[in-house]
Amino acid sequence: SPVRVVSSAENPTLDILSVVAYGGQLNVSVLAAEGSNVSVNVVDAAGRSVYYSQEVIQSQPTLFTTGNMSAGIYFIEVSDGVRVINRKVGIFAE
């Protein structure tokens, strides 16, 4: 079954609502002001960027889905150019 990590609403204009790790993918649900340019960067434990996406937010919330990722610890950074939110998540072998 999927692992769900839910954050509290720290900032009403930028927040990571949830991170779901399932089947080697990360689904990152982001809340940001419509029209803002948001980037999601996922970095592995060795400091390598393994996923990056940037888009203008059109709807709430916006879902970012990575490709298949190996088991391990990852750091998620979400930024709107002004604020940065970080989360740590693990993907475990099934």
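Here, every reference points to the structure presented above.
Residue positions are counted from 1 within each chain, in the order its sequence is given. For a predicted model such as this one, the threshold for reporting local features is a pLDDT of at least 70, and the threshold for listing and counting side-chain atom pairs is 80 or more; totals across whole chains, interfaces and linings nevertheless cover every residue. To get the side-chain values, take all heavy atoms of the structure and skip hydrogens and water.

Chemist: Please give an account of the side chain of asparagine 41 that cites residues and values.
Modeler: Elements are defined by DSSP. Helices are runs of H or I of four residues or more, strands are runs of E of two residues or more, and each kind is numbered from the N terminus. Along the chain, the position of asparagine 41 falls in strand β4 (residues 37-44). Burial classification: accessible surface area is computed with a 1.4 Å probe over protein chains only, and a residue below 20% of its type maximum counts as buried, one above 50% as exposed, and the rest as partly exposed. Judged by its relative accessible area of 16%, asparagine 41 is buried. Contacts are assigned to residue pairs with any non-hydrogen atoms lying within 4.5 Å of each other. Residues in contact with asparagine 41, not counting those within four places in the same chain, are Ser49, Tyr51, Tyr52, Phe75, Ile76 and Glu77.

Chemist: Summarise the sheet that holds strand β8 (residues 84-91); cite the residues concerned and give the values.
Modeler: Within a sheet, each strand pairs with its neighbour through backbone hydrogen bonds, oriented either parallel or antiparallel. DSSP bridges decide pairing: two strands pair if at least two such bridges lie between them. Read across the sheet, four strands follow the order β5-β4-β7-β8 without closing on themselves; strand pairing throughout is antiparallel. Strand pairing shows two members of the sheet lacking a second neighbour, β5 (49-56) and β8, which therefore form its edges. Across this sheet, the average inter-strand angle for adjacent strands is 15 degrees, counted without regard to direction. Note that strand β7 (residues 72-79) and β8 share eight bridges and pair antiparallel. Across the sheet, the residue bridging to serine 79 is valine 84, located in β8. Axis angles are defined between N-to-C directions and span 0 to 180 degrees, where every axis is a line fitted to C-alpha atoms and, for a helix, only to the segment in contact.

Chemist: Summarise the pairing of strand β6 (residues 62-65); cite the residues concerned and give the values.
Modeler: The side-chain alternation of β6 yields one buried face, formed by Thr62 and Phe64, and one unburied face, formed by Leu63 and Thr65. Bridge count between strand β3 (residues 25-32) and β6: four bridges; the pairing is antiparallel. What sits directly across from serine 29, in β6, is leucine 63.

Chemist: Outline the pairing of β7, listing residues and values.
Modeler: By the bridge criterion, six bridges tie β4 to β7 in an arrangement that is antiparallel. Considered in β7, the bridge of asparagine 41 is made with glutamate 77.

Chemist: Report on the environment of asparagine 86, specifying residues and quantitative values.
Modeler: For asparagine 86, the position within the fold is in strand β8. Classification of asparagine 86 as partly exposed rests on a relative accessible area of 48%. Sequence separation between asparagine 86 and valine 40 is 46 residues; the distance between their C-alpha atoms is 9.9 Å.

Chemist: Go over the nonpolar core, please, and point to the residues and values.
Modeler: Membership of the largest hydrophobic core comes to 21 residues, with the highest contact counts inside it found for Leu26, Val30, Val38, Val40, Val42, Ile76 and Val78. Taken together, the elements giving at least two residues each to this core come down to β2 (14-22), β3, β4, β7 and β8. Sequence-distant contacts of leucine 26, that is, excluding residues within four places in its chain, are made with Val19, Val20, Ala21, Val42, Phe64, Thr65, Thr66, Met69, Ile76, Val89 and Ile91. Here, nonpolar core refers to any group of buried Ala, Val, Leu, Ile, Met, Phe, Trp, Tyr and Cys residues whose side-chain atoms link them within 4.5 Å.

Chemist: How would you sum up the side chain of threonine 62? Please name residues and give values.
Modeler: Among the secondary structure elements, threonine 62 is positioned in strand β6. Each polar contact in these results corresponds to two N or O atoms within 3.5 Å; when the atoms are within protein, one needs to be able to donate a hydrogen and the other to accept it, and residues that are neighboring in sequence are counted only if both atoms are side-chain atoms. Of the polar contacts made by the side chain of threonine 62, one reaches the backbone oxygen of serine 59; its length is 2.8 Å. Aside from chain neighbours lying at most four places away, what touches threonine 62 is Val28, Ser29, Val30, Glu55 and Ile57.

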